[in-house]
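Fold and geometry: a report
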Amino acid sequence: MGIFSSLFGGEERFAEDPSPLSGSFLYVQAHAAKREAGRTDEGRMEAGIVDTPQVWYNPIMPKHERPGGGFPHTGGERFAARRPDQPARESAAGAWIGILNPQKTEERMETGRQGRAYAACGGMTLAVFLALAAYMLRMLTHGSGAGEAFALSALFSLVYGGTLFLFARLERPGMGRLFFTGVFVAVTMLARVSMLDFVTADYDSFLSGWTQMFREGGFSTLGGENVGDYNLLYQYALLLISKVPLYDLYLIKFLTVIFDYALALAMMRAAGHFAGEKSSLPVFLIVTALPTTLLDGACWGQCDSVYVFFIVLSLYMLDTGRPTRSAVFLAVAFAFKLQTIFFFPVVLLGLIHGSYKPRHALAFFGAYLVTMVPALIAGRPFFDALSVYANQSMGQYYDRLTYNAPNLYLFFPMLGFSNSQEFTWMRYIEGVDKDAVNAYLHADLMPALQTAALYACILLTLIAVIYWLIHHREVTPPMTLCFALFFAIFLPFVMPKIHERYFYLADMLSILYAARRADRRFVPLLVVGASLVSYLPYLTRQRPVDERVAALMMLAALVLVARDLLVQMRQNRAALAKKGESAA
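Turning our attention to helix H14 (residues 344–353). Listing the buried residues of H14 in full gives Pro-345, Val-346, Val-347, Leu-349 and Gly-350. Contact partners of the buried residues in H14: helix H12 (304–319), helix H13 (323–336) and helix H20 (480–494). Within two residues after H14, Gly-354 carries a phi angle of roughly 85°, on the positive side.

What follows is about a nonpolar patch on the surface. Where nonpolar side chains cluster on the molecular surface, the patch consists of Leu-408, Phe-411, Phe-412, Leu-552, Leu-555 and Val-559 and spans about 490 Å² of accessible area. Looking at the element boundaries, Leu-555 is found in helix H23 (residues 547–583). Residue class for Leu-555 comes out partly exposed when judged on its relative accessible area of 34%.

Under the counting rule described, the total for this entry stands at 31 aromatic pairs. Relative to Phe-150, the ring of Phe-129 has its centre 6.2 Å away and its plane inclined at 35°; by these criteria the two rings are tilted. Remark: Phe-150 occurs in helix H5 (residues 146–171) and Phe-129 occurs in helix H4 (residues 102–139); sequence separation between them is 21 residues. By relative accessible area, Phe-129 is classed as partly exposed at 21%. Here the aromatic rings of Trp-468 and Phe-483 are separated by 6.0 Å at their centres, their planes lie at 75°, and the arrangement is edge-to-face. A residue pair is termed long-range when its members are at least 10 positions apart, and Trp-468 in helix H19 (residues 446–470) and Phe-483 in helix H20 qualify at 15 residues. Comparing Trp-468 with Phe-483 shows no difference in burial state: the two are buried. Taken together, the aromatic side chains of Phe-334, Phe-344, Phe-364, Phe-365, Tyr-368 and Tyr-389 make up a single cluster linked through ring pairs. Geometry around Tyr-261 places Arg-192 over its ring, the cationic atom sitting 4.8 Å from the centre. Over the ring of Trp-300 we find Arg-501; its NZ or CZ atom is 5.4 Å from the centre of that ring.

What follows is about the side chain of His-360. Along the chain, His-360 turns up in helix H15 (residues 358–371). Judged by relative accessible area, which is 5%, His-360 ranks as buried. Here the side chain of His-360 touches Lys-357 through a polar contact of 2.8 Å, landing on its backbone nitrogen. Every residue in contact with His-360, bar those within four places of it in the chain, is listed here: Pro-323, Thr-324, Ala-327 and Ser-355.

What follows deals with the pattern of salt bridges. Evaluated as defined, the whole model comprises 13 salt bridges. Between Arg-517 and Asp-519 there is a salt bridge, and its shortest N-O distance comes to 2.8 Å. Between Arg-563 and Asp-564 there is a salt bridge, with the nearest N and O atoms lying 4.0 Å from each other. Overlapping salt bridges, with partners in common, bring together Arg-517, Asp-519, Arg-520, Arg-563 and Asp-564 in one network.

Below, the discussion takes up empty space enclosed by the protein. Taken as a whole, this structure holds one cavity of 30 Å³ or more when the rule is applied. In this structure, the largest cavity spans a volume of roughly 60 Å³. Pro-345, Leu-348, Leu-349, Ile-352, Val-465, Trp-468, Leu-469, Phe-483 and Phe-487 together form the lining of the largest cavity. Contributing elements (two or more residues each) for the lining of the largest cavity: H14, H19 and H20. The leading source of residues in the lining of the largest cavity is H14, at four residues.

Here we come to the confidence of the model for the chain. On average, residues of the chain carry a pLDDT of 79, and 73% of them reach 70 or more. Across residues 1–99, where pLDDT falls below 50, the model places 125 contacts with residues more than four positions away in sequence or in other chains. Long-range and interchain partners of residues 415–429, a stretch whose pLDDT sits below 50, account for 48 contacts in this model, where long-range means more than four residues apart.

Okay, unusual backbone geometry next. Located in the positive-phi region is Asn-404, a residue other than glycine, with phi close to 70°. Secondary-structure assignment places Asn-404 in the loop between strand S3 (402–403) and H19. The phi angle at Lys-497 is positive, at roughly 60°, despite the residue not being glycine. In this structure, Lys-497 sits in the loop between H20 and strand S4 (498–499). On the accessibility criterion, Lys-497 (25% relative accessible area) is partly exposed.

Between helix H9 (residues 248–275) and helix H10 (residues 280–289), the least distance of the axes is 8 Å, while the angle of their chain directions is 155°. Here H9 lies roughly antiparallel to H10, going by the angle between them. Of the two elements, H9 crosses H10, and the hand of that crossing is right-handed. Listed contacts from H10 to Tyr-261, Leu-263, Ala-264, Leu-265, Met-267, Met-268, Ala-271 and Gly-272 of H9 are Ser-280, Val-283, Phe-284, Val-287 and Thr-288. Its residues placed into classes, the contact of H9 with H10 shows ten nonpolar, three polar and no charged.

Rules and cut-offs
- Residues numbered from 1 in each chain as written.
- Predicted model: local features only at pLDDT ≥ 70, side-chain atom pairs only at ≥ 80, totals over all residues.
- Heavy atoms only, no water.
- Buried < 20%, exposed > 50% of the residue type's maximum accessible area, 1.4 Å probe, protein only.
- Helix = DSSP H or I, 4+ residues; strand = E, 2+ residues; numbered from the N terminus.
- Contact = heavy atoms within 4.5 Å.
- Patch = residues over 30% accessible without salt bridge, like charges linked within 9 Å, V, L, I, M, F, W, Y side chains within 5 Å.
- Areas by Shrake-Rupley, 256 points an atom, 1.4 Å probe, with all protein chains shown as cover.
- Salt bridge = Lys/Arg side-chain N within 4 Å of Asp/Glu carboxyl O.
- Phe/Tyr/Trp six-rings, centres within 6.5 Å; stacked < 30°, edge-to-face > 60°.
- Lys NZ or Arg CZ within 6 Å of the ring centre and 35° of its normal.
- Polar contact = N/O pair within 3.5 Å; in protein donor to acceptor, adjacent residues only side chain to side chain.
- 1 Å grid on protein atoms, 1.4 Å probe; cavity = no way out; pocket = protein on both sides within 12 Å on 5 of 7 lines; lining within 4 Å.
- Points joined across faces, edges and corners; volume = space filled by probe spheres on them.
- pLDDT = per-residue confidence, 0-100.
- Axes fitted to C-alpha atoms, helices over the stretch in contact; angles between N-to-C directions.
- Parallel < 35°, antiparallel > 145°, perpendicular 65-115°, else oblique.
- Left-handed = near helix turned anticlockwise from the far one by under 90°.
- Nonpolar A, V, L, I, M, F, W, Y, C, P; charged D, E, K, R; others polar.

Following this line, the structure appears as structure tokens:
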């Protein structure tokens, strides 16, 4: 039984008392002391323990191949031990069996386990492909036939298979854990596919028209005026989508689904770093099934998971001592969406603490310029390509202070819109239509209100940043995650003209924060819950919950995180003072 327990991972690796009849096989018995945890080779030598294999061999083995040049055994003779620093001699029979070296055996067993894991991933991917194909053939309304259904099934199955393969490679789970994860991810993939036919006003009003412009104009369209209000990277994606003979709405959502699962893997690695390996799998599963993640991408067709994926990677690289990669990932995130500025206070903190050096700014700007190359080749003027965000922030969204975002401005009146709220107390203020059913400010006053709110936001942000700069010694690198979460909530909470989706980064960072701090497990319930409530008016055209409740939830999360920061700063201040007294 010893040989079977060694091959299949049993506790007893090698036979301990082979009989003379077992001499037709080569047995290798590792000394029991070799498995004692924490014992070194030198320690075993000092204890008088012989740390070397004991060998029985086949009697028909040629003498020159016998370990130690010994004689055929007649009842279990053992040969003289070799020193631990002497290499093992692998006989022909040992090579045939392949287990003379216990370390090599472990490596081969690990390779076998990985092979079985990858085979399981392939089998589950095939099953998901068949399930998706059956669903798409019956349920998709914009499919042109079996060919398109199978093509789409293959694309989504590749995302599923790639996710599962990377999970198995990074986490090296057991088969039970891998199977559970595979089934869970398959359910989330089916949930996403079930929302492919959902059409929003964003697609009808913007995305479909932008894709059609690229379909008609081709690559040269990049050289003219900006198509839509997104930066160049998203325009490249729309250009590629316009050239694929599949329904463009499905492909737009497919892009976000790719990054939904990429973000889940990045969050898994970040959770393992910030909160320990035990939190990796729960965070991975939570992100794949998070309601806001499902609705933002597969239902809405938005791309917030793309830039947040690169921000999470940037944060992970920064905290693991790889600032150049961090700067590059941050540049890609910024090239995709302007909301990356919510992470910029962390960059300032990194510069103060020396995590970032001035040379890393070159990596940032270099990577950003690389993203402009296709547009420049197409004929876009350099400064025009560089100023997309400047044009985006001017002359847009002039009718309200907030666009369903659960922030400060939900407590102020808005112009009439499909998701307007009642502010009866405002009817008695000059400039409000007192005869209206809802109290709306006059349209002429809204630009002035937005400007005033923007100046107030800038003032509040400067106060917060200056405070942290004054006390920068108390904001230590281990506080980076808490610092990032604070600004991911604070900035969209005080900024005007913010959309509900702009708290997406806060959603992800709150999950990492909860994984790190057991006493803050409820913070994602506040942040993600507020985000989810704010999504509903746009997606459902209904208000099951007053949005001001969502704003209060987000405010509560902001106050808690700010308090945690201040408490840690006070502790660091006391430690610095004690250190100064000791030095004196």
